[in-house]
Amino acid sequence: MGASSEELWSSHPHLAAAAVSEDWGAAFRTYRKLTGLSQTKLGERVGLVQPDVSDIERGRRKVTSVEVRQRIVAGLGIPADLQAVAEKLSLDTAPVPQLLLPGAAPDEDLLARVTSVVDASHRVDTATLDWLDRLLAEHRRAEDRIGSRPLVDVVHQQLRTVVDLHAGARGALADRVVRLAAEHAQFLAWMAQDQARTAAALAWYDRAHEWALEAGDVDMAATTLSMKAHMAWSGGRGTRCVRLAEAARWSAPGTTLGVQGMAAQMAARGHALDGQADDARRLLDEAQDLIAQASDRPENEPVWMYFYDENWFTLQRGMAALHLRDWRAAVEQLTVGLNALPDEYRRDKTWYRACLAHALAGAGEAAQAAAVAVASVPDAAAVGRPHSWNELHITAAVLTRRRAKEAREVVAALREYD
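These lines cover the structure that appears in this document, whether it is placed above or below. (Residues numbered from 1 in each chain as written. Predicted model: local features only at pLDDT ≥ 70, side-chain atom pairs only at ≥ 80, totals over all residues. Heavy atoms only, no water.)

In terms of regular secondary structure, the chain is built from 22 helices and zero strands. Split into buried and exposed, the 418 residues of the chain put 51% on the buried side. Excluding contacts between residues fewer than 6 apart, the proportion of contacts in the chain whose partners are at least 24 apart in sequence is 65%. Counting only carbon and sulfur atoms, one obtains 51% of the accessible surface of the chain, whose full area is about 18900 Å². (Helix = DSSP H or I, 4+ residues; strand = E, 2+ residues; numbered from the N terminus. Buried < 20%, exposed > 50% of the residue type's maximum accessible area, 1.4 Å probe, protein only. Contact = heavy atoms within 4.5 Å. Areas by Shrake-Rupley, 256 points an atom, 1.4 Å probe, with all protein chains shown as cover.)

Right, dumping it as structure tokens:
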């Protein structure tokens, strides 16, 4: 492709960012959108058959072979100095390509201190751990906006750094290092869950729980059980969801009100999934009361509880109504919640919009369901696979079963990104 290829890579930050992070699914989708190539033509260019291209784009296949990676690099005309291109586009000035994280980079003195700590020439100190805390918080916020895929390798590396610090830590600092490792493991578990990598998610939750117990962090110990309940809910296992959520409450006494509220709402989700409306609504009321009390003293809550608020409960009530097939209530609550949800929560907005499309289809509002679904497809393809993507497919199936002509619009939109 010569000069035109070089110009393509030097003028499209999204494409360069995907290649820098080796997110080949995103790179393929973006490249095809920019060039107009079909999956078959792209496959010919990189030496892959069309089904393989489709699987890579949908996250069902990872590129692990060096030989395949080399074919992709050659076929797409990726510049040898892509890192330099990334620098020009300010893509590598932050821990996540293409995302500038305010306050994430350490100053020169702190950078030297962190480097020396990792090299084991000095003992770990509070300033270093404070910075690592801030960095993890920035990555949590980043994941809300760009999804989990670009962050996994970065957070893996951060966890390796944290674990390396333990040898140089003593007393309370050693406990803090283990607690920080537990937080990283919990975040890695969440990202694995977001990508439907169930076995990896369970393994990371187990590791986070073990480290939390070692550090005496009851809030993280309970949170890992609540998040396992979330996994059960995602897999359609209502009873297991309830039991794990209840375990989060009784197995870790002394947790904050917010963490207790998290466990209560997870139990509510499990009951809703099993069609137990009274129990679901009772526990949602209890959880919302706990979170309201927690909001009076936010300084007492762990940092990972930042997204729990009144609007979040409106959305959870909408989800419960969706499970209970109370379509009108689901539409109303999801609509209200979405209108109040900040744009920075891109992944969550994509998920709840997909759920709103499902609720509208269930309520017989075919035209509105199709409009919401079609508008959600680009974000679902970019940051909502597989969960939001699957929910949009469910919406298409509901419309098809009801013989709504709008089903074709949704199916066509989904196929464009398949």
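At a closest axis distance of 8 Å, the pairing of helix H4 (residues 39-46) and helix H5 (residues 50-57) adopts a crossing angle of 100°. Considered as vectors, H4 and H5 are oriented roughly perpendicular to each other. For the pair H4 and H5, contact is made by Gln39, Thr40, Leu42 and Gly43 and by Gln50, Val53, Ser54 and Glu57, respectively. Counted by class, the contact of H4 with H5 contains two nonpolar, five polar and one charged residues. (Axes fitted to C-alpha atoms, helices over the stretch in contact; angles between N-to-C directions. Parallel < 35°, antiparallel > 145°, perpendicular 65-115°, else oblique. Nonpolar A, V, L, I, M, F, W, Y, C, P; charged D, E, K, R; others polar.)

As for its position among the elements, aspartate 144 is in helix H9 (residues 126-146). Distance in space between the C-alpha atoms of aspartate 144 and arginine 346 is 6.0 Å, their sequence separation being 202 residues. Residue contacts for aspartate 144: discarding those within four places in its chain leaves Tyr306, Glu344, Tyr345, Arg346 and Arg347. Polar side-chain contacts of aspartate 144 include one of 2.7 Å to the side chain of tyrosine 306. (Polar contact = N/O pair within 3.5 Å; in protein donor to acceptor, adjacent residues only side chain to side chain.)

With that out of the way, let us pick up the packing of helix H14 (residues 238-250) against helix H15 (residues 257-273). At a minimum axis distance of 8 Å, the contact between H14 and H15 shows a crossing angle of 165°. In terms of orientation, H14 lies roughly antiparallel with respect to H15. In this structure, the crossing between H14 and H15 has a hand that is left-handed. For the pair H14 and H15, contact is made by Gly238, Cys241, Val242, Ala245, Ala248 and Arg249 and by Gln260, Ala263, Ala264, Met266, Ala267, Gly270, His271 and Leu273, respectively. A per-class count over the contact of H14 with H15 returns nine nonpolar, four polar and one charged. (Left-handed = near helix turned anticlockwise from the far one by under 90°.)

Our next topic: helix H17 (residues 310-323). Taking 1.5 Å as the rise per residue, H17 with 14 residues should run 20 Å; its terminal C-alpha atoms sit 20 Å apart, in good agreement. Judged by how many residues are buried, H17 sits mostly within the fold: ten of 14 residues are covered. Those residues of H17 that sit buried are Asn311, Trp312, Phe313, Leu315, Gln316, Gly318, Met319, Ala320, Ala321 and Leu322. At its buried positions, H17 is contacted by helix H13 (218-234), H15, helix H16 (277-295), helix H18 (327-340), helix H19 (346-362) and helix H21 (387-401). Arginine 325 occupies a position one or two residues after H17 and carries a positive phi of about 60°. (Expected span 1.5 Å × (residues − 1).)

Scanning the model with the defined rule gives 21 salt bridges in all. Of the charged contacts, one joins aspartate 133 and arginine 176 as a salt bridge, the two residues approaching to 2.7 Å between their closest N and O atoms. In this pair, aspartate 133 is assigned in helix H9 and arginine 176 in helix H11 (residues 172-194), connecting sequence segments 43 residues apart. Ionic pairing is found between aspartate 285 and arginine 317, a salt bridge with its closest N-O pair at 2.7 Å. Note that aspartate 285 is positioned in helix H16 and arginine 317 in helix H17, a separation of 32 residues in sequence. (Salt bridge = Lys/Arg side-chain N within 4 Å of Asp/Glu carboxyl O.)

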